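Structural features, examined
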Amino acid sequence: MTYTFFTEGHCMGGFVPTGALLEADPTPEIQPGQLVAVVLKESGPMRGLAQSLHGNSWLGVVKMFLGTTTTRAGRKAYMLGQLEPPIVLAVEEAHMAAMHRIVGAKETPWMLENTEDQDANLEAALDLMSPWFCGGATKPIGPNWRPVDIEAMVETAKLLENIDA
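Residues numbered from 1 in each chain as written. Predicted model: local features only at pLDDT ≥ 70, side-chain atom pairs only at ≥ 80, totals over all residues. Heavy atoms only, no water.

1. Some words on the overall build of the protein
Defined as follows: Here a helix means four or more residues in a row that DSSP labels H or I, a strand means two or more in a row labelled E, and each is numbered from the N terminus. Buried residues are those whose accessible area, probed at 1.4 Å on protein chains only, stays under 20% of the maximum for their type, while exposed residues exceed 50% and partly exposed ones sit between those limits. Pairs of residues are marked as contacts when any of their non-hydrogen atoms sit within 4.5 Å. Per-residue and other accessible areas follow the Shrake-Rupley method at a 1.4 Å probe size, with only the shown protein chains counted as cover for residues.
On a plain count of helices and strands, the protein comes out with three helices and seven strands. When the 165 residues of the protein are sorted by exposure, 33% land in the buried category. Contacts in the protein between residues at least 24 apart in sequence constitute 65% of all its contacts with a sequence separation of at least 6. Taken as a whole, the protein presents about 9,900 Å² of accessible surface, with 55% of it coming from carbon and sulfur.

Pasting the structure below:
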């Protein structure tokens, strides 16, 4: 079962257009180089980022999965990347509520072709990510996690009001 969500695509450069509707699937294995939807828990070292996302009404972030690694303390961590600016982020499994593979996108009416400069910047950012590809496919995290469907909740509330009336 897939779900669709709205994204601010600016951190993924020309890879994901701002305002795209992305489709995530919580069931397939995730391979390095694939895009993922990541929802962070509001605890631990990721607390500041998670609270800033939730404070802006964003469910999470779209990142490129680079692979898995193990910390000095022996805990599993996921390497995630973004392209604009090129940044690598290590997130311990314990601090993720969900990580699901992006399987599709709806094109937005305002989506434009990348310019040659944008394509060159995207290639350079991908090249900068290349040393961080550490391999290791993974199962999705939080396969039962789904975003709250606000429209469905409003419709249910309306139905309940009509029943009570």
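2. Regarding the side chain of H100
For clarity, the cut-off: Under this definition, polar contacts are N or O atom pairs within 3.5 Å; protein pairs additionally need one hydrogen-donor-capable and one acceptor-capable atom, and for neighbouring residues in sequence, both atoms have to be side-chain atoms.
Examined against the element boundaries, H100 turns out to sit in strand β7 (residues 96-106). Using a relative accessible area of 0% as the deciding quantity, one classes H100 as buried. Here the side chain of H100 touches I141 through a polar contact of 3.1 Å, landing on its backbone oxygen.

3. Quick look at the pairing of strand β4 (residues 61-70)
Note the threshold: Pairs of strands are assigned from DSSP output, requiring at least two bridges between the strands.
By the criterion of burial, β4 is predominantly enclosed, with eight of the 10 residues buried. When strand β3 (residues 35-40) meets β4, the two strands line up antiparallel, connected through four bridges. Bridged to A37 within β4 is V62. Two strands pair when backbone bridges link them, and β4 and strand β5 (residues 76-83) are joined in this way by six bridges, in the antiparallel orientation. Bridging across to β5, T68 finds its partner in Y78.

4. Side note on the nonpolar core
This is how the line gets drawn: Residue types Ala, Val, Leu, Ile, Met, Phe, Trp, Tyr and Cys, when buried and joined through side-chain atoms within 4.5 Å, form a set referred to as a nonpolar core.
Counting 18 residues, the largest nonpolar core has M12, V16, L22, L35, M64, L83 and I102 as its most contacted members. Each residue touching M64, except ones within four places of it in the same chain, is listed here: M12, F15, G33, Q34, L35, M79, L80, G81, L83, L126 and F133. With 13 residues, the next largest nonpolar core counts V38, L40, F65 and M99 among its residues.

5. A closer look at the environment of E29
For E29, the position within the fold is in the loop between β2 (21-25) and β3. In contact with E29, not counting residues within four places along its chain, are Q34, R101, A137 and T138. Here the side chain of E29 touches Q31 through a polar contact of 2.6 Å, side chain to side chain.

6. Re the environment of F133
Tracing the backbone through its elements, the reader meets F133 in the loop between α2 (116-129) and α3 (150-164). Sequence separation between F133 and T68 is 65 residues, and the spatial gap between their C-alpha atoms is 8.9 Å. With residues up to four places along the chain from it excluded, the contact list for F133 reads P32, G33, M64, F65 and L66.

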